[in-house]
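The chain contents come next:
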Amino acid sequence: MILELDTSLLETLNISINQLVFISLVLNENQNNYQDILKLLSRVKEEEIQELIQRNIIIKAYLNNGVSYKLSDDIINSIKQKQDSMFDEFYETFPVYVIRPDGTKGFLRANVNKCRKEYNRIVGKSRSMHEHIIKCLQYELDDKIRTGKLGYMKTMWKWLTQHEWECYEEQLQINNQEEYSYGTDIL
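Residues numbered from 1 in each chain as written. Predicted model: local features only at pLDDT ≥ 70, side-chain atom pairs only at ≥ 80, totals over all residues. Heavy atoms only, no water.

Asks: Teacher, can you tell me more about a nonpolar patch on the surface here?
Replies: A cluster of nonpolar side chains, Val96, Tyr97, Ile99 and Phe107, forms an exposed patch at the surface whose accessible area comes to about 400 Å². By the element assignment, Val96 lies in the loop between α5 (73-93) and β3 (97-99). Accessibility expressed as a relative area gives 41% for Val96, which makes it partly exposed. (Patch = residues over 30% accessible without salt bridge, like charges linked within 9 Å, V, L, I, M, F, W, Y side chains within 5 Å. Areas by Shrake-Rupley, 256 points an atom, 1.4 Å probe, with all protein chains shown as cover. Salt bridge = Lys/Arg side-chain N within 4 Å of Asp/Glu carboxyl O. Helix = DSSP H or I, 4+ residues; strand = E, 2+ residues; numbered from the N terminus. Buried < 20%, exposed > 50% of the residue type's maximum accessible area, 1.4 Å probe, protein only.)

Have a look at this one:
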């Protein structure tokens, strides 16, 4: 089981690493392998869970066949604001318009609400995925400016739905490897 942890919650909520793992499990909605979850939960002390409940971070609900945990509305709103700020950073990085090869202006940042939903669906709560997409976008912009092809930039909606950052992942990786190995070859 792979579980992504948002370590910024450690400081913002002032919680332990075990509590962070527990919150991440509550956040993770596709929990297929229950044995892995039980192994993780067995390492979280009951006192740590009780503290989260007392601080109104987690809400405990009793179901007919067991106990269920969910995040409080305050924490959900705080996480949603972080997601919105990630999209806002992406939105600010994306160009407003370009001059198309035929001389017309092409506006690229239309359908903001649809783009926000799509971006949040793609990125989820993953800060690393957000940073990766921003790096790929920045690389694409630099490449298009350098080659004079900025006029062919896709709209934000198409860029997101067609996973355009994937076209630049490999180029970005190769470019980073060349930077690190510069000057190591002997001619």
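Asks: Looking at this structure, how should I read the pattern of salt bridges?
Replies: Between side chains of opposite charge, a pair can form as their charged atoms come close. Following the criterion strictly, the structure yields eight salt bridges and no others. For the salt bridge of Asp143 with Arg146, the shortest nitrogen-to-oxygen distance reads 2.7 Å. Placement of both Asp143 and Arg146 in helix α7 (residues 127-147) is noted, with a separation of three residues, approximately one turn of the helix. Its relative accessible area of 16% is what places Asp143 among the buried residues. With relative accessibility at 58%, the residue Arg146 sits in the exposed group. Its salt-bridge partner being Lys154, residue Glu164 comes within 3.0 Å of it at the nearest N-O pair. Here the residue Glu164 occupies a position in the loop between α8 (156-161) and α9 (165-181), and Lys154 occupies one in the loop between α7 and α8, the gap between them amounting to ten residues. Given a relative accessible area of 28%, Lys154 falls into the partly exposed group. Linked by salt bridges that have partners in common, Glu89, Arg127 and Glu131 make up one network.

Asks: Explain the nonpolar core here, please?
Replies: Most often, soluble globular proteins have nonpolar side chains that are buried together. Ranked by internal contacts, the top residues of the largest apolar core, which has 23 residues, are Phe90, Phe94, Tyr119, Ile133, Met153, Trp159 and Leu160. Mapped by element, the contributors of at least two residues to this core are α5, α6 (112-123), α7, α8 and α9. Counting residues in each nonpolar core, the second largest holds 15 residues, with Val26, Ile58, Leu71 and Ile75 among its members. (Core = buried A, V, L, I, M, F, W, Y, C linked by side-chain atoms within 4.5 Å.)

Asks: Which parts of the structure should I look at to understand the packing of aromatic side chains?
Replies: Going through the model one piece at a time under the given rule, you end up with eleven aromatic pairs. Considering the side-chain rings of Phe90 and Tyr119, the 4.7 Å spacing of their centres and the 15° angle between planes classify their relative orientation as stacked. Residue Phe90 is located in helix α5, and its partner Tyr119 is located in helix α6; the two are separated by 29 residues in the primary sequence. Relative accessible area serves as the criterion here: at 0%, Tyr119 is assigned to the buried category. Taking 5.8 Å as the distance between ring centres and 45° as the angle between the ring planes, the aromatic pair formed by Trp159 and Trp165 counts as tilted. Neither Trp159 nor Trp165 differs from the other in exposure class; each is buried. Here the aromatic residues Phe87, Phe90, Tyr91, Phe94, Tyr119, Trp159 and Trp165 are joined through ring pairs into a cluster of three or more. Here Lys105 stacks its cationic end above the ring of Tyr97, 4.4 Å away from the centre of that ring. A cation over a ring is seen here: Arg109 above Tyr91, with NZ or CZ 4.1 Å from the ring centre. (Phe/Tyr/Trp six-rings, centres within 6.5 Å; stacked < 30°, edge-to-face > 60°. Lys NZ or Arg CZ within 6 Å of the ring centre and 35° of its normal.)

Asks: What's the story with α6 in this structure? I'm lost.
Replies: Three or four residues apart is the spacing at which side chains of an α-helix point the same way, because the helix has 3.6 residues per turn. Between its first and last C-alpha, α6 extends 16 Å over twelve residues, near the 16 Å set by a 1.5 Å rise per residue. Those residues of α6 not exposed but buried are Cys115, Glu118, Tyr119, Asn120, Ile122 and Val123. (Expected span 1.5 Å × (residues − 1).)

Asks: I'm lost on the environment of Ile134 in this one. Help?
Replies: Counting through the fold element by element, Ile134 comes out in helix α7. Since its relative accessible area comes to 13%, Ile134 is described here as buried. Separated by 31 residues in sequence, Ile134 and Trp165 place their C-alpha atoms 8.7 Å apart.

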